[in-house]
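Here are the chains, one letter per residue:
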Amino acid sequence: GIDEVGRGEKDGPLVVTGVLGWRNNLRTLRDSKKTTDVKKKYAEATGKSLMQISVSINAETIDALRVAGKTMNDIEASAAQHMHALVEEFFPKAITIMDGRALKKGMKGIVFQEKADDTEASVSAARIVAKQTRNESGDHGERKTWKRNSPA
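Residues numbered from 1 in each chain as written. Predicted model: local features only at pLDDT ≥ 70, side-chain atom pairs only at ≥ 80, totals over all residues. Heavy atoms only, no water.

Draft legend 1. Examining the nonpolar core more closely. Ranked by size, the top nonpolar core spans 19 residues in total, and within it Ile-2, Leu-14, Val-16, Ala-80, Met-98 and Met-107 carry the most contacts. Listing elements by their share of this core, those giving two or more residues are β2 (14-20), β3 (51-57) and α4 (72-90). Sorting elements by how many residues they give to this core places α4 first, with 7 residues. Sequence-distant contacts of Val-16, defined by excluding residues within four places in its chain, comprise Ile-2, Asp-3, Glu-4, Ile-53, Ser-54, Val-55, Glu-76, Ala-79 and Met-83. In this structure, Leu-26, Val-38, Ala-126 and Val-129 belong to the second largest nonpolar core, which totals 10 residues. (Core = buried A, V, L, I, M, F, W, Y, C linked by side-chain atoms within 4.5 Å. Buried < 20%, exposed > 50% of the residue type's maximum accessible area, 1.4 Å probe, protein only. Helix = DSSP H or I, 4+ residues; strand = E, 2+ residues; numbered from the N terminus. Contact = heavy atoms within 4.5 Å.)

Laid out in structure tokens, this is it:
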């Protein structure tokens, strides 16, 4: 499962996380927005999963990429594609589910599902790991390219 946090925020990093695990082992995890103790659930998510991959992209880098013409969809899609490729290399039969609508055309092997952070255990685990990683980063850099209600 793959999910992100910090996408629409004015400051701090965008964190995209992938978690590989057995659905039954992760079934007690739910979306971090519905979890009161993210730190405790983080320990559960990392302890019960087989593999976690996180990419944290700071505000300065996001700004540089956006000035170079990349959208937030492009940035998130690139991280997700690399995570999927790594998981596929180790576990060729694994299914990669990502929360939300398709980010861009041509993303092979990733199943997009809206509200997957609440319905798919591995995506819920990814959201929790991403949230805790962002919380622990201490990064509060402001994004100069941030625009309220920006579709990018």
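Picking up after the structure, the text goes on.
Draft legend 2. View of unusual backbone geometry. A positive phi angle, close to 65°, is found at Lys-115, a residue other than glycine. Relative to the elements of secondary structure, Lys-115 occurs in the loop between β5 (110-113) and α5 (116-119). By relative accessible area, Lys-115 is classed as exposed at 62%.

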